[in-house]
Amino acid sequence: MRSLLVYLWASPYTLLGLSVGGVGLMFGGRVRCRSGVVQFCEGPTKRLLHRLRDGQFVLAITLGHVVLGQTEAALDVSHEHELVHVRQYERWGPFFGPAYLLASLWLWFRGRDPYRDNPFEREAYDADPPC
Ligand SMILES: [Zn+2]
């Protein structure tokens, strides 16, 4: 029962992820499931991730119970990190996006890195430190 509730709680983001990944799938992308998460990669999904973060390298991004990754290898490398974000979506539900953005904005105003210093990212990097 808890499982169903956390999937429902995070579902607005999951639906967005399924929509983006689904479009990617229609134009040459790939899909797989791992640890209760739908993972999309390659094709348009890969090209989309190349355009994020002002040209900085993005391996993967989580939307609810969906992870969009550049490649299967990128999904493998980032799996533990992205699972932390999945758990964050399960805790925060529809409030995750605004909470993440407000934290980033607050950090930016204070002259800190809105990505690396974001508490949601720090929790994910603490669980899975970068190589
Ligand atoms: Zn992250």
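Scroll up to find the structure this text is about.
About the criteria used
- Residues numbered from 1 in each chain as written.
- Predicted model: local features only at pLDDT ≥ 70, side-chain atom pairs only at ≥ 80, totals over all residues.
- Heavy atoms only, no water.
- Salt bridge = Lys/Arg side-chain N within 4 Å of Asp/Glu carboxyl O.
- Helix = DSSP H or I, 4+ residues; strand = E, 2+ residues; numbered from the N terminus.
- Buried < 20%, exposed > 50% of the residue type's maximum accessible area, 1.4 Å probe, protein only.
- Donors = N, O, S within 2.8 Å, 3.2 Å for Na, K, Ca; no water.
- Tetrahedral: all angles 85-135°; square planar, octahedral: opposite > 155°, others 65-115°.
- Pairing = 2+ DSSP bridges.
- Polar contact = N/O pair within 3.5 Å; in protein donor to acceptor, adjacent residues only side chain to side chain.
- Contact = heavy atoms within 4.5 Å.
- Phe/Tyr/Trp six-rings, centres within 6.5 Å; stacked < 30°, edge-to-face > 60°.

**Considering the pattern of salt bridges**
Evaluated as defined, the whole model comprises seven salt bridges. Taking the shortest distance from any N to any O, the salt bridge between Glu-72 and Arg-30 comes out at 2.9 Å. Taken as a pair, Glu-72 in helix H4 (residues 72–77) and Arg-30 in strand S1 (residues 30–34) lie far apart in primary sequence, 42 residues in all. On the basis of relative accessibility, which here comes to 28%, the residue Glu-72 falls in the partly exposed class. Ionic pairing is found between Glu-123 and Arg-91, a salt bridge with its closest N-O pair at 3.0 Å. Placement of Glu-123 in helix H7 (residues 119–127) and of Arg-91 in helix H5 (residues 79–92) is noted, with a sequence separation of 32 residues between them. For Glu-123, a relative accessible area of 33% corresponds to the partly exposed category. Residues participating in the shared-partner salt-bridge network are Arg-30, Arg-32, Arg-34, Glu-72 and Asp-76.

**Brief notes about the environment of Leu-102**
Here Leu-102 is to be found in helix H6 (residues 96–109). Overall, the relative accessible area of 56% leaves Leu-102 in the exposed class.

**Topic: the coordination of the zinc ion**
Within the protein, the zinc ion binds to His-81 (NE2), His-85 (NE2), Glu-121 (OE) and Glu-121 (OE); these donor distances fall in the range 2.0 to 2.8 Å. Around the zinc ion, the four donor atoms are arranged such that angles at the metal cover 51 to 152°; this shape is classified as irregular. Going along the chain, you hit the donors of the zinc ion in the pattern H-x3-H-x35-E. Residue His-81 and its partner His-85 are both found in helix H5; the two are separated by four residues, about one turn of the helix. Looking at His-85, the relative accessible area reads 6%, which means it is buried.

**Comments concerning the pairing of S1**
Summarising the sheet, S1 and strand S2 (residues 37–41) pair through five bridges and their orientation is antiparallel. Considered in S2, the bridge of Val-31 is made with Phe-40. Hairpin connection from S1 to S2: two residues lie between these consecutive antiparallel strands, with Ser-35 at a positive phi of about 55°.

**Regarding the side chain of His-85**
Side chain to side chain, His-85 and Gln-88 meet in a polar contact 2.7 Å long. Not counting chain neighbours up to four residues away, the residues in contact with His-85 comprise Thr-62, Phe-120, Glu-121 and Ala-124.

**Observations concerning the packing of aromatic side chains**
For the coordinates displayed, the defined rule picks out nine aromatic pairs. Between Tyr-13 and Tyr-89, the ring centres sit 5.0 Å apart and the planes meet at 55°, which makes this aromatic pair tilted. Taken as a pair, Tyr-13 in helix H2 (residues 11–26) and Tyr-89 in helix H5 lie far apart in primary sequence, 76 residues in all. Per residue, the accessibility class of Tyr-13 equals that of Tyr-89, and both read buried. Relative to Phe-96, the ring of Tyr-89 has its centre 4.1 Å away and its plane inclined at 45°; by these criteria the two rings are tilted. Here the aromatic residues Tyr-13, Tyr-89, Trp-92, Phe-96, Tyr-100 and Phe-120 are joined through ring pairs into a cluster of three or more.

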